[in-house]
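# Coordinate inspection notes
Spelled out from the first residue to the last, the chains are:
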Amino acid sequence: MELLDPKNVEQQLLKISSGNNAMRKEGELFLKQLLEGSPDNYVRALLGMCRTSSNEAETKSWLIQETVFFLLDDRTPSKMRRFVSLIIAEIGSSDIAQGLKDWPDFLKSLFEWTRNKNPQVRERSIEIFSVVVESNGEYFEQFAQTLSVILENALKDTESAKIKSFAMDALATMLSSSGRKSENAKIYSKLSPLLLQLLTAKLHDGLYAEAIEQISSMITIAEARPMFFEPVFDSLTKSLFQIATTCEEAIINSYNAYDQAVARGAVPSASATPDATVVTTSPSQDIPGVLPCSVMDSMCSLRTSAIELLLNFAYSFRKRIKKNREFTDNFLKILTITMINFRPSPTWETQPDDPDDDADKSLHNMSINIDRFSKAVGGKFLLPIHFELITSLMAQTDWRAHMTALLQIAFCLETYAKRITRDQMKYIISLASQSQLHTVPRVCHAGVNVFAALFRDCQKRFTSKASLVKTVIEQCISGLTTERWNNVPTLRDVFLRLSVDIAENTPSALLKPFVESIIKAIYPYTQLADFKMKLQAVQCLEIVIENMGDAVKPFYSLLSPFLMSIVQAENVVTADDKSFQAAGIQCLGSLLCSVGKQIAAPAIEPYVTALLRIYNTIQSELATSSSSASAARPAAVTFQASGIAQPISSSDDDDRAESIEVSWTRMAELMGPRFTMLCPTVIPPLIRRCSQTVESIPAGPAQISAASIASGSLGAALEDIAAEVDAAQDPAFQQARNAMKDRKDALERLSVITDFMGPYFAPYAKEAFDVALKQLQDDLSRGDAACPLNEVGDLIASCVESLSPIPADSDFRPDYVDPAFTAAGISPALQKTPALIPPGEGVHPVKMVNEALPAMMMAINQDVTVAADRKTLLVVMNDCIKAIAPLLNPQSPYFQNTICPFGATSPLAAIPPWAGNLDVVSLTSFLKAQFIECRRRRLRLRSGTYNQENELLIGLDDEDAAQEADVEDEVLGMIDECVSTLLKIYGSGFEQGFELLMPVIFEFVTLPPPPAEPLSADLQDRVCGLFLMGDYLEYGGDVAVKQIPNFMPHYLRLADPRNEVVTKEPATRQNAICGIGICAKIGGELFAPFYAKALEVIGVAIQLPVNEEEEEELSCRDNAVSALMKVMMYQATGHPEHANDVDKMIALWLPHLPLLNDELEAVANHAFLCTLLESNDDGVLGGGDEAVAAEVKAALANPVLLPATSRAVPCLTRLFKIMINVVKSKLVDEQTDAKFIAMLGVIRKCLSPQTMAEVWETLSDERKAEVAPFITS
């Protein structure tokens, strides 16, 4: 026992480390005795040695020697050998880093041991290699030739199978640690045939476990150095397909044999397992053809491993695979066979989410593999092949083939959503609809999943097709109401989920006709005795109600009493009852919001009273469980006009607390200022939760070990590795994750409440703002991503807006009387508008913005590699600046008609000196830097050079890089929006800021020299630059007009469709042509030098053929037409030198009216047309023909039915068509609308019924309904 005494061990270790020879020998003897008596304690002693030993080479040399002896000892357990090998590896890592001389000498000895006659020595030496190279791969690159020979000899070793196994591990480790850029790939590739031979031999000998282990090592190699397998690619993939096929056949045959035995009575049917991967037989049973359980497991593992390696090849050899259809066919075939031959669970119909249902796991895993394969080879290549497979499966009679086809269809919708055509959608819906008639519930279930995938994954591409959507909605309603599946809860469950997908993704116009049917189909499920089904029905009803909006008003009287009874229920004790009441709380809250306060007002008080009673109950239960019997219980809270003073805490153990908190946001929306009576109850707990500090989620084992090693605690590092801590099960991990979610939810809900309360939130605005800003600042100081930027940013902006000026007609103005809360029968507490309480002294929105901007700018610079975060922060910056805009420049025409809700004499009505002012120059300089950084990242992301730099997004594949570039486009647009806001605020006062931006803008709009292929990123740059130029001209006043000579050359070049670079960029041409129009409008004489060229470019743009289905092209043409109108109106009309051009311009302009795609330009053009008509312009009335114009004038002066031969009829018909398409719409202003309606009445008298009928048929159904009075009256 003395040997195992910890103090004695420590003393002996100190002797070994002391440097005294006698003491060293005594310590060594102690270790040897320890080795003989207890190997476990020997390893612990060695680990202690690593902790206490110095850096002396002699000590380390002894330690290496001692550990190698230990490795060579047969008594050493394999796990112990692994740990000791790690010791050697870490010593080697340290010595390599320090440049010590003894380590290479040890390597030389290690190389020699690999050729030792003793197989055990060879085994141990190769095992050491497999560990040492793991952390020193790059160092061993210099020994590539030697290592390849060593590993080749080891793989060919005939005396020991372990040597081959260790060599396989060492090879995998070596290749995976040296990186893809290693120049020694060809040196090691010669070993690939040996691996194939070894794998074949192991399978031939029935060594399945070893074969699985080898394939695992090959997967490791394929992930790091796929070209290693280039010499054997064809033969290896053929072998892998054969392995997967053979294993699958063995599994199927075994199942069939078992089923036959059950049918013969040789095995009791009760012992048959529904499991998809295991056949359970007792040891005494010997059923012919049935594989033992262990062999079945091996077959499944072999199949899975082979598929995994093939998937790796699909990623690495995608071009080769696309040229070889056989690989794709074989891969899909093996996955499909596996899906078809699953063993359905008898519990599936009643337990759809059974975690032990291996059949569903198998189906799910195969679907994931198909998804991964499609990402590897691309949807464009795989989709046609996949549909061929689906068609062949549907042609079979086996129901499992039909189910597999439907599962793969759902997968196709998820993966290839953007490539699915309308005809393919029709085919898919027909197959899914047929499945609803199938007698096997699983087939029906798979069909419903197809319907759900159409809504979830195809979204707008599907929901825009009304007839197809109608078919699916009808199938859902039929499935919910049929009695056929009453005894199959799983199917009823999936139909309920489908109703949710329909409600969440279908446009309201399409959904509205089905609202009644859907609600009536779901409602009966809420009355079932089955708690789970009843609960889910109420939860589904909530989502349906929330997404259907006011369309649920007709069902308020049906649903409200039922839901109110759930909310008002007392003595709710069991967990199930509490969950059901929580669902009722949220569903009723959603219903009240959906129908609006005009209907919901009478129910608000009883609803809120019930919520407060439940909250009181929860708090009382918490106090009872956490306090002593003598502790005083908190006072109950009631609904009263004087306000509520006692805050109520929430509970993590009761779903109702969460539901009530969600409902507060909905009550804030309904009650508006009247929610102030609940603020003392609701706001303080939310602010407390928003302010909680949440550290980063704890690191996993790999990070812990690395930290231990970095700190010098090698033994602690090895113990960390040995412990194999699962971070997902770590309480600290769970606690941090839950705390982060709790804080995020609180921030989001507080922000929503702030928005709906407006200035009535003022008493809490500063505290909430400070909490949100501190969260952002803490995130910056930690340098991690613990802060929920979206929620923090929203709260910052909402707090600023609550103290800022509001529109003069806002419902938040103090004198506003809400008619919904003054009706008879409403509680006096709700009828009264609460007093508006200003914030405390020293609180001002401009001061808050000045405090927030530095933190946000720093966060944007710190999160430079996360585009979504930068976009979020830029949105918040812009919202904050827009909120205080009326204070920054009260003269700005774009932010007038506002009032300070706290009164004209309030400190908040102006900017006091202590609040500071906005540093526009610094802010503009920051935005300029963001323009440059954003452009740099987008160009590199799209050009494929981004991954060459060591940044966060390194390793993106092409698709991910494209998505990231798209987000960067949105960032660019948001920077542009921020500059536009500053322009609107300061107008001509922004001259210095615009001068700062001018070099960037001109760089954006400068085309690349030919023959450079323009990147799509350049398109966004050009659009952005043109936006800024247009905004400056529009908002910059006289100062901006001076820039017209600088802007027009860029406008003319980028507006010209004959310019090859912008021919396919309608967005660029649209903004450039719009700029020409602005310059014509405000430029005066400065436009004159560009007059002729502008007309030429505009004419070409107008006459350019367009695709009527492309909105961008149509808008581009509308802007060209509008630009022509502005040149005509401001540069030609009234200018004698251009008098001859006016009729030509009208002849080009008029045939393109009405403008239907750009509302702003449409209003201006139709108003100008009205002006020309009132002035009896010959160009408009007669197309330049004075005689025709005279006939039209006469007809309008004396409106009578004209003969069909009258030359005035075509002109009047054309004008009638223009006006009938725009009246009573947003395409005309009020004055023009009234004048057009009057003109329509006059023209109508001149046209024959046949002509009117022809015009009528050109209108859409919607337009016919809107203008019917002007045609029929």
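Residues numbered from 1 in each chain as written. Predicted model: local features only at pLDDT ≥ 70, side-chain atom pairs only at ≥ 80, totals over all residues. Heavy atoms only, no water.

Per-residue pLDDT for the protein averages 79, and the proportion of residues at 70 or more is 78%. Taken together, the stretch residues 946-957 has pLDDT below 50 and engages in 25 contacts with residues farther than four places along the chain or on a different chain. The low-confidence segment residues 1011-1016 (pLDDT under 50) makes five contacts with residues lying over four places distant or belonging to another chain. (pLDDT = per-residue confidence, 0-100. Contact = heavy atoms within 4.5 Å.)

Between helix H49 (residues 1091-1103) and helix H51 (residues 1139-1149), the least distance of the axes is 11 Å, while the angle of their chain directions is 20°. In terms of their interaxial angle, H49 and H51 are classed as roughly parallel. Handedness of the crossing formed by H49 with H51: left-handed. Between H49 and H51, the contacting residues are Tyr1091, Leu1095, Gly1099, Ile1102 and Gln1103 on the first element and Asp1141, Met1145 and Leu1148 on the second. Considered class by class, the residues forming the contact of H49 with H51 number five nonpolar, two polar and one charged. (Axes fitted to C-alpha atoms, helices over the stretch in contact; angles between N-to-C directions. Helix = DSSP H or I, 4+ residues; strand = E, 2+ residues; numbered from the N terminus. Parallel < 35°, antiparallel > 145°, perpendicular 65-115°, else oblique. Left-handed = near helix turned anticlockwise from the far one by under 90°. Nonpolar A, V, L, I, M, F, W, Y, C, P; charged D, E, K, R; others polar.)

Enumeration according to the criterion identifies 40 salt bridges in this entry. Salt-bridge contacts for lysine 1126 lead to glutamate 1161; the nearest nitrogen and oxygen are separated by 3.3 Å. Of this pair, lysine 1126 sits in helix H50 (residues 1111-1132) while glutamate 1161 sits in helix H52 (residues 1159-1174); the two residues are 35 residues apart in sequence, bridging distant segments of the chain. Overall, the relative accessible area of 11% leaves lysine 1126 in the buried class. Each of Glu658, Glu661, Arg689, Asp742 and Arg749 takes part in a single network of salt bridges with overlapping partners. (Salt bridge = Lys/Arg side-chain N within 4 Å of Asp/Glu carboxyl O. Buried < 20%, exposed > 50% of the residue type's maximum accessible area, 1.4 Å probe, protein only.)

Here we take up the side chain of threonine 1068. Topologically, threonine 1068 is positioned in helix H48 (residues 1066-1082). What threonine 1068 contacts, discounting residues up to four positions off in sequence, is Leu1019, Arg1022, Val1023, Leu1026, Leu1054 and Val1062.

Here we take up helix H39 (residues 845-862). Taking 1.5 Å of rise per residue, the 18 residues of H39 would be expected to cover 26 Å, and the 25 Å separating its terminal C-alpha atoms lies within 8% of that figure. Taken as a whole, H39 carries its principal kink of about 25° at alanine 852; the proline proline 854 stands between one and four residues after it. What H39 keeps buried is the set Pro845, Val846, Met848, Val849, Ala852, Leu853, Ala855, Met856, Met857, Ala859 and Ile860. (Expected span 1.5 Å × (residues − 1). Bend = angle between axes of the 7 residues up to and from the residue.)

Before going further, it helps to examine the state of the cysteines. Covalent bonding between the sulfur atoms of two cysteines defines a disulfide. Tallied over the entire structure, the rule returns zero disulfides. Of the cysteine sulfurs around cysteine 934, a residue in no disulfide, the closest is that of cysteine 1024, at 8.3 Å. Cysteine 1079 takes part in no disulfide bond, and the closest cysteine sulfur, belonging to cysteine 1074, lies 9.8 Å away. With a relative accessible area of 0%, cysteine 1079 lands in the buried category. (Disulfide = S-S within 2.5 Å.)

This brings us to the environment of aspartate 745. Along the polypeptide, aspartate 745 turns up in helix H35 (residues 731-757). Sequence separation between aspartate 745 and glutamate 658 is 87 residues; the distance between their C-alpha atoms is 9.8 Å. Excluding its chain neighbours within four sequence positions, the residues that come into contact with aspartate 745 are Glu658 and Arg689.

Two descriptors summarise a pair of aromatic rings, namely the distance from one centre to the other and the angle between the planes of the rings. Scanning the entire structure with this criterion turns up 22 aromatic pairs. Aromatic pair phenylalanine 233 and phenylalanine 317: ring centres 4.6 Å apart, planes at 45°, arrangement tilted. Taken together, the residues phenylalanine 233 in helix H13 (residues 233-264) and phenylalanine 317 in the loop between helix H14 (293-316) and helix H15 (318-322) connect sequence positions 84 residues apart. Given the relative accessible area of 5%, phenylalanine 317 is considered buried. The structure contains a cluster of three or more aromatic residues connected by ring pairs, namely Phe228, Phe229, Phe233, Phe241, Phe313, Phe317, Phe327, Phe331 and Phe373. Sitting over the face of the ring of phenylalanine 580, lysine 534 holds its NZ or CZ atom 4.6 Å from the ring centroid. (Phe/Tyr/Trp six-rings, centres within 6.5 Å; stacked < 30°, edge-to-face > 60°. Lys NZ or Arg CZ within 6 Å of the ring centre and 35° of its normal.)

On the surface, Glu748, Asp755, Asp794 and Glu801 cluster together to form a negatively charged patch. Going through the elements one at a time, H35 and helix H37 (789-803) are the ones with two or more residues in the negative patch. Judged by relative accessible area, which is 34%, glutamate 801 ranks as partly exposed. (Patch = residues over 30% accessible without salt bridge, like charges linked within 9 Å, V, L, I, M, F, W, Y side chains within 5 Å. Areas by Shrake-Rupley, 256 points an atom, 1.4 Å probe, with all protein chains shown as cover. Lys, Arg positive; Asp, Glu negative; His and termini not counted. Charge placed at Lys NZ, Arg CZ, Asp CG, Glu CD.)

This next bit is on the nonpolar core. By size, the foremost hydrophobic cluster in this structure holds 368 residues, and its most contacted members are Trp664, Phe675 and Trp1149. Examining the composition of this core, we find that 12 residues originate from one element, helix H30 (residues 597-626), more than from any other. The contacts of tryptophan 664, once residues within four sequence positions are left out, are Val608, Leu611, Leu612, Tyr615, Phe675, Leu678, Val682 and Ile753. In this structure, Ala257, Tyr258, Ala261 and Val290 belong to the second largest nonpolar core, which totals five residues. (Core = buried A, V, L, I, M, F, W, Y, C linked by side-chain atoms within 4.5 Å.)

A cluster of like positive charges, contributed by Arg318, Lys319, Lys322, Lys323, Lys380 and Arg419, occupies part of the molecular surface. The element that contributes the greatest number of residues to the positive patch is H15, accounting for three residues. Mapped onto the fold, lysine 322 is located in helix H15. The partly exposed category is assigned to lysine 322, whose relative accessible area is 40%.

Taking 1.5 Å of rise per residue, 13 residues should cover 18 Å, and helix H11 (residues 192-204) covers 19 Å from first to last C-alpha, within 8% of that figure. Along H11, the residues that are buried comprise Ser192, Leu194, Leu195, Leu196, Leu198, Leu199 and Lys202.

It is the contact of helix H24 (residues 489-505) with helix H27 (residues 531-548), at a shortest axis distance of 8 Å, that shows an interaxial angle of 15°. Relative to H27, the element H24 lies roughly parallel. Read as a crossing pair, H24 and H27 show a hand that is left-handed. Where H24 abuts H27, its residues Pro489, Arg492, Asp493, Leu496, Arg497, Ser499, Val500, Ala503 and Glu504 lie against Met533, Gln536, Ala537, Cys540, Ile543, Val544 and Asn547. Taken together, the residues of the contact of H24 with H27 break down into nine nonpolar, three polar and four charged.

In this structure, the amide linkage connecting leucine 1153 to the following residue, proline 1154, adopts the cis form with an omega of 0°. Within the secondary structure layout, proline 1154 lies in the loop between H51 and H52. At asparagine 1176, a residue that is not glycine, the phi angle is positive and equals roughly 55°. Mapped onto the elements of the fold, asparagine 1176 is located in the loop between H52 and helix H53 (1178-1182). One non-glycine residue, lysine 1224, lies in the positive phi region at around 55°. Here lysine 1224 lies in the loop between helix H55 (1208-1220) and helix H56 (1230-1246).

Its location among the elements puts leucine 413 in helix H19 (residues 399-415). As for leucine 413 and alanine 452, which are separated by 39 residues in sequence, their C-alpha atoms are 9.8 Å apart. If we skip the residues at most four places from it in the chain, leucine 413 touches Ile420, Ile428, Val450, Ala453, Leu454, Asp457 and Cys458.

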